[in-house]
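A structural walkthrough
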Amino acid sequence: MSDTTLASAAERRKLVRAGLGRRHLTERLFRGFGILAIVLALGFVGILFTDVLRKGIPAFMQSNVHLAVTYDPELLKIDPAPEQAAGQSDADFRAARLAWERKVAMLNWNNVIEAALRKAAPEGFEIDARQILTITETDARHRVRERFAADPSLLGQTIEIDLLASANTDNWVKGNIDRNLGDAQQQLSAPARALIDIFEENGTITQGFAWSLFTNVDSRSAPASAGLLGALMGTFWMMLIVIVLAVPLGVGSAIYLEEFAPKSRITDIIEVNINNLAAVPSIVFGLLGAAVFINWFRLPLSAPLAGGLVLTLMTLPTIIIATRAALKGVSPALRQAALGMGASKTQMVFHHVLPVTFPSILTATIIGVAQAMGETAPLLLIGMNAFVAAVPATPIDQATALPVQIFLWQGNENRNFFEPRTSAAIMVLLAFMITLNAIAIFLRSRLEKRA
Amino acid sequence: MDLLANKTKPPVTKPLNAPLDPLDMLEPNIRLTARDVTVHYGAKQALHGISIDIPDRAVTAFIGPSGCGKSTFLRCINRMNDTIEGAKVGGRIELDGQDIYAPDLDVVELRARVGMVFQKPNPFPKSIYDNVAYGPRIHGLARSKADLDEIVVSSLRKAGLFEEVKDRLNEPGTGLSGGQQQRLCIARAIAVGPEVILMDEPCSALDPIATAIIEELIDELRTNYTIVIVTHSMQQAARVSQKTAFFHLGNLIEQGDTEEIFTNPVNKQTQDYIMGRIG
């Protein structure tokens, strides 16, 4: 027998060598395809990020109009706040004070703003009142009034105040508008545009970090003041609900299915269905939420509670599947060691299996939650795309969410102004995602090192 | 038979003036009795009617080629087969006359009485101290921290590991060498105060020196425990056991005193296995 193998050894070597070239070629080809795929994928990611950053970064700067506003009693036509006279009863004083406050709210505050703008403008600059007021955002009068209401002694005094420039002013300053377009296509009148340029030169209009993006709620009447605070809080409430509900439910069901449930036809069906649920389009969960949570349970529309519940349903399969995979990966030796010591099944799971799988479960959970945070479609179906200009104080208040806010801004008709703002919101959302994923990676490596 | 000469343990020769050991004069107590034990894994029958008596304070070795059912039978004794999906055990196994498959018997209590050491050292990914303390903790054996400390130290001592690890009881048990890990597992099993210790090829993952240490340890432990050991190595069976049972294809072929089995096997298959013709 050894004779025949020896005799054909040279021949076999030749056969092997003949095939070598083709084998190496296949290998090189596959490696090439792999590299090409990665380059393409990274390229697209790169394009996405450059585009978002290029558009979004300018939106983190806002144009402020620095004005010296005089609370001129003649312009305002208001008396000083009433003081409690000797002998005047408390009730009478309060009635007088209320009447005065009501009057303050009804005053035409635009007058003082117009005066302040004119003061900042060169002497004799010709522009009418309507046009000059397009330079500041429409919420300027509220800012000026708030200052006065808080401190009535300002009457007759002059204060320096930073007001938001209007969205159109901001566009003009940042060059988002083609300056060569004719008057008919311009949002701002010619004198207003000229005055803005003068203001920019003399330092009345300056650029500053757009804090309003984080401290204000959405706004349509004063687009330059539109911010993300409401959406951030809405997302916060929803994530809280997802974490509180989806994590214990998901991990609990995974533990039961993996460790305790008898292997039977029923558990097989459950397993298949959980896997299918993970692949169900998220908008279907939105329909389910509208039908069950809104129509049946009568939960409030647009509330983070309903949104959180829908996202919980959506995240559950992800967490269950990942947790089960982690539990499956625990070596049987550890289980046997625990059982052999006389640990009950529950003790085995909670003393030994869960601590070892904790890092994986945590990572899976964080990634599941991050995924839920970016979900938009199901929220549209339960009314979270409503325009809400308030910060939700509780999960049952009306609210919107970060991705939905992006969706809303992206559809805003003031394209020049909201395109950068949409990108800025996308950057905020991406920052949250990246932070969550970084935490997941950090905790994982940290906990695994310790284990 | 010449081949066997150096494989068997020389008969214990005690000096004539040695004090009489009462254990030597008594017929060993039977601790475990198995009658007609069968195991099915699904449709496949792994054990065909095993009947054996296992004596107290002695080492009983199960030998036989791979897949002969010796580990399966061992795992019946503390009902570890319960954890395998589709495993069905028939027949009767009694520990001190009590049926361990009786419906009212608590598996957790049984496993506290019948400890187990596995083929591959499998310490918990916890500190050395916690590894040993785990059993007493879950079974509520220690009334105080001092009690627990004492159990841990004495268990580590009995397992011959204390001197090596006394300065690093808080370090992870998984950081020890293979042989030390296995002794840690033995200490862990002893800590619960079991009556029977089952060992499933405890040295198969160890080097010869670690093996020798474990074998010495088994020999010492035999004075206090009933030990059942499954082994691939006939030399090991010859070195550490007093009783030997030979399994083949799910049948118990022959059982008896180790010396008898190794020097004078009755059955042809046993003879072939011991001579190295099957296995």
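In this text the structure is predicted, and so the values were computed from the model without any measurement. The residue count restarts for each chain, going from 1 along the sequence in the order it is written. Each chain takes a letter, starting from A, and each ligand takes a number, starting from 1, following the order in which they are written. Reporting of local features is limited, given that this is a predicted model, to residues whose pLDDT is at least 70; pairs of side-chain atoms are given and counted only at 80 or more, and all residues count toward the totals for whole chains, interfaces and linings.

Secondary structure elements follow DSSP: runs of H or I of four or more residues count as helices, runs of E of two or more count as strands, with numbering from the N terminus. Scanning chain B from terminus to terminus reveals twelve helices and ten strands. In chain B, which comprises 279 residues, the proportion classed as buried is 43%. To assign burial, the other C-beta atoms lying within 10 Å of each residue's own C-beta are counted, with C-beta atoms placed from the backbone; 20 or more indicates buried, 12 or fewer indicates exposed, and intermediate counts indicate partly exposed.

Residues are scored as being in contact if the C-beta atoms we place from backbone atoms lie within 7 Å. Contacts between chain B and chain A engage 19 residues on the former and 15 residues on the latter. Contributions of two or more residues to the side of chain B that touches chain A are made by α4 (107-113) and α5 (128-139) of chain B. Sort the elements by how many residues they give to the side of chain B that touches chain A and α5 of chain B lands first, with four residues.

Time to look at the confidence of the model for chain B. Residues shown with low pLDDT carry predicted positions that ought not to be read at fine detail. All names here are of chain B. Across the chain, each position has a pLDDT score giving the predictor's confidence in that residue, from 0 to 100. Looking at chain B as a whole, its pLDDT mean stands at 86, while 89% of the residues score no less than 70. In the model, residues 1-12 has pLDDT below 50 throughout and makes 15 contacts with residues more than four positions away in sequence or in other chains. Scoring the predicted complex yields pTM 0.80 and, for the interface, ipTM 0.82.

You can read the domains of chain A as domain 1 (3-58), domain 2 (61-210) and domain 3 (229-450). Computed over C-alpha atoms only, the centres of domain 2 of chain A and domain 3 of chain A are separated by 46 Å. Source of the domain bounds: an automatic or database domain assignment.

As a further point, take the environment of Ala 41 of chain A. All names here are of chain A. Among the structural elements, Ala 41 can be located in helix α2 (residues 9-56). Classification of Ala 41 as exposed rests on a count of 10 C-beta atoms within 10 Å. Sequence-wise, Ala 41 and Asn 108 are 67 residues apart; in three dimensions their C-alpha atoms are separated by 57 Å.

Here we take up the packing of helix α13 (residues 282-296) of chain A against helix α14 (residues 304-328) of chain A. Residue and element names in this part refer to chain A. Lines are fitted to the C-alpha atoms to define the axes, a helix being fitted only along its stretch in contact, and any angle between axes, read from their N-to-C directions, falls within 0 to 180 degrees. Where α13 contacts α14, the axes come no closer than 9 Å and their chain directions differ by 130 degrees. Overall, the two elements α13 and α14 adopt an arrangement that is oblique. Classified by chirality, the crossing of α14 by α13 is right-handed. Every residue of α14 that contacts α13 at Ser 282, Phe 285, Gly 286, Leu 288, Gly 289, Phe 293 and Ile 294 is listed here: Ala 306, Leu 309, Val 310, Leu 313 and Met 314. Angular relationships are summarised with four words: roughly parallel below 35 degrees, roughly antiparallel beyond 145, roughly perpendicular across 65 to 115, and oblique for the angles in between. Crossing handedness is read from the near helix: turned anticlockwise from the far helix by less than a right angle, it gives a left-handed crossing, and turned clockwise, a right-handed one.

Moving on: the sheet that holds strand β10 (residues 251-257) of chain B. Two pairing modes exist for strands in a sheet, parallel and antiparallel, and in both the strands are linked by backbone hydrogen bonds. All names here are of chain B. Strand order in the open sheet formed by six strands is β6-β7-β8-β3-β9-β10, with mixed pairing between adjacent strands. Sheet topology places β6 (114-117) and β10 at the edges, where each strand pairs with a single neighbour. Between one strand axis and the next, the sheet turns through 15 degrees on average, direction left out of account. Here, any two strands with at least 2 DSSP bridges between them count as paired. In terms of strand pairing, strand β3 (residues 59-63) meets strand β9 (residues 243-248) through four bridges, oriented parallel. Across the sheet, residue Phe 62 finds its bridge partner in β9, namely Ala 245.

With a phi close to 55 degrees, Lys 77 of chain A is a non-glycine residue in the positive phi region. One can find Lys 77 of chain A in the loop between α3 (73-76) and α4 (90-106). Non-glycine residue Asp 96 of chain B carries a positive phi angle of around 55 degrees. The topology assignment puts Asp 96 of chain B in the loop between β4 (87-95) and β5 (98-99). Overall, the presence of 14 C-beta atoms within 10 Å leaves Asp 96 of chain B in the partly exposed class.

The residue Ala 59 of chain A is located in the loop between α2 and β1 (61-70) in this model. When neighbours within four sequence positions are excluded, Ala 59 of chain A is seen to be in contact with Ala 210, Pro 420, Arg 421, Ser 423 and Ala 424 of chain A.

α14 of chain A packs onto helix α11 (residues 229-260) of chain A with a crossing angle of 35 degrees between their chain directions and a minimal axis gap of 6 Å. Once α11 of chain A is placed against α14 of chain A, the crossing between them reads as right-handed.

On to the sheet that holds strand β1 (residues 30-41) of chain B, then. Residues and elements named next belong to chain B. If you walk across this open sheet you meet the four strands as β2-β1-β4-β5, and the pairing is antiparallel. What marks the edges here is a single partner per strand, and that holds for β2 (44-55) and β5. By the bridge criterion, eight bridges tie β1 to β2 in an arrangement that is antiparallel. Pairing of Ile 30 across the sheet is with Pro 55, part of β2. This element, helix α3 (residues 70-77), spans β1, β2 and β4 of the sheet and lies at about 120 degrees to β1.

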